[in-house]
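# Report on the structure
Okay, here's what each chain looks like letter by letter:
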Amino acid sequence: MDELHESPPTLTRHAVRELDRVAMNQLGMLGLVLMENAGRGVVDCLRRQGDLNRVVILCGKGNNAGDGFVIARHLDLVGVVVEVVLCCNPDELQGDALANYQLLPHTRATVVKELDACLFDNLRSCDWVLDALLGTGAKGAPRPPFRRAIELMNACRARKLAVDISSGLDADTGVPSEVTFRADLTCTFAAAKPGLLVAESQSFVGDLQIVDIGVPSRLLARFGIGD
């Protein structure tokens, strides 16, 4: 696999975990703050794409889902009709993801707790569908129900955004699984991931946008990002 010309600095999945660990444990940054910045940054990217009326967000159970819940809250604040499809049992949510899920009842966002028959119709009528199922730490082929969720998203005509990385795409190698989300736009956090830049992954990445999540510049420089 050949890397794209003039590739930006990257963070592997291991480096992403280490960056988060240092930011939180050594600098005292809260995971909730990083998640808030990530979700709000995705909404800023979405709003630059043109008019937004209706968005469907499919969420898993980890921090990627937490980003999706933040996105839903901020889209609601600007008047976008939002539906969150939770592809796990709510009891599986933990930590920062759970905290942001618990805020959703205080918004106008609709929360659907299963992949039901009406989802396909909802996907057909939305402007954008967002993949917040699996993050950069995921390895291997997506398992049910995520596999079915990816198939439904890929089949709809709405424009498609991957939150941090397309589910099914390996963050380090860019090798896609048999079922991988095909994004028109990928909003990745802090820095590009190596797998987002290789030639094999481009039909799953689309337009790549790097979202600033508020990590201080000197910490980023320790990881080879920025000056």
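The structure we're discussing is the one just above.
A brief look at the structure comes next. These figures come from a predicted structure and were not determined experimentally.

## Remarks on the sheet that holds strand E7 (residues 207–211)
- Strand order in this open sheet of 7 strands is E3-E2-E1-E4-E5-E6-E7, and the pairing throughout is parallel. Of all strands in the sheet, those bounded by a partner on one side alone are strand E3 (110–112) and E7. This sheet shows a mean twist of 20° between the axes of neighbouring strands, independent of strand direction.
- Across 3 bridges, strand E5 (residues 159–163) lies against strand E6 (residues 185–189) in parallel orientation. Bridging across to E6, Ala162 finds its partner in Thr186.
- The strands that helix H2 (residues 31–47) touches are strand E4 (128–132), E5, E6 and E7; relative to E7, the one it contacts most, it runs at about 140°.

## Structural notes on the packing of H2 against helix H3 (residues 63–77)
- Contact geometry for H2 and H3: axes closest at 8 Å, N-to-C directions at 55°. Classified by the interaxial angle, the pair formed by H2 and H3 is oblique. Judged by the twist between their axes, the crossing of H2 over H3 is right-handed. Contacts between H2 and H3 pair Met35, Glu36, Ala38, Gly39, Arg40, Val42, Val43 and Leu46 from the former with Asn63, Gly66, Asp67, Val70, Ile71, Arg73, His74 and Leu75 from the latter.
- Class assignment for the residues of the contact of H2 with H3 results in 8 nonpolar, 4 polar and 4 charged.

## What to know about the side chain of Lys193
- With respect to the secondary-structure elements, Lys193 resides in the loop between E6 and helix H7 (202–205).
- A polar contact of 2.9 Å, which involves the side chain of Lys193, links it to the backbone oxygen of Phe189.

## Describing the nonpolar core
- Counting residues in each nonpolar core, the largest one holds 47 residues, and the members touching the most others are Ile57, Phe69, Leu75 and Leu161.
- In terms of residue count, H2 provides more of this core than any other element does, 6 residues in total.
- Residues in contact with Leu161, not counting those within four places in the same chain, are Val42, Leu46, Trp128, Val129, Leu130, Asp131, Phe181, Leu185 and Cys187.
- Within the second largest apolar cluster, 21 residues are counted, among which are Val129, Leu133, Cys156 and Ala158.

## A short note on the side chain of Ser167
- For Ser167, the location among the structural elements is in the loop between E5 and E6.
- From its side chain, Ser167 meets the backbone nitrogen of Leu134 in a polar contact 3.1 Å long.
- Beyond its immediate chain neighbours, meaning those up to four positions away, Ser167 contacts Asp131, Leu133, Leu134, Pro142, Ile150, Val179, Thr180 and Phe181.

## Section: H2
- Counted at 1.5 Å a residue, the expected span for H2 with its 17 residues is 24 Å, and the 25 Å between its end C-alpha atoms agrees.
- Taken together, the buried positions of H2 are occupied by Gly31, Leu34, Met35, Ala38, Gly39, Gly41, Val42, Val43, Cys45 and Leu46.

## Concerning the pattern of salt bridges
- Evaluation of the coordinates by the stated rule reveals 11 salt bridges.
- One salt bridge connects Arg13 with Asp170, and the closest N-O pair in it is separated by 3.2 Å. Here Arg13, found in helix H1 (residues 13–26), pairs with Asp170, found in the loop between E5 and E6; they are 157 residues apart in sequence, far enough to count as distant.
- The closest approach of N and O atoms between Arg13 and Asp172, which form a salt bridge, is 3.2 Å. Of this pair, Arg13 sits in helix H1 while Asp172 sits in the loop between E5 and E6, placing them 159 residues apart in sequence.
- On the basis of relative accessibility, which here comes to 7%, the residue Arg13 falls in the buried class.

The rules we used
Residues numbered from 1 in each chain as written. Predicted model: local features only at pLDDT ≥ 70, side-chain atom pairs only at ≥ 80, totals over all residues. Heavy atoms only, no water. Pairing = 2+ DSSP bridges. Helix = DSSP H or I, 4+ residues; strand = E, 2+ residues; numbered from the N terminus. Axes fitted to C-alpha atoms, helices over the stretch in contact; angles between N-to-C directions. Contact = heavy atoms within 4.5 Å. Parallel < 35°, antiparallel > 145°, perpendicular 65-115°, else oblique. Left-handed = near helix turned anticlockwise from the far one by under 90°. Nonpolar A, V, L, I, M, F, W, Y, C, P; charged D, E, K, R; others polar. Polar contact = N/O pair within 3.5 Å; in protein donor to acceptor, adjacent residues only side chain to side chain. Core = buried A, V, L, I, M, F, W, Y, C linked by side-chain atoms within 4.5 Å. Buried < 20%, exposed > 50% of the residue type's maximum accessible area, 1.4 Å probe, protein only. Expected span 1.5 Å × (residues − 1). Salt bridge = Lys/Arg side-chain N within 4 Å of Asp/Glu carboxyl O.

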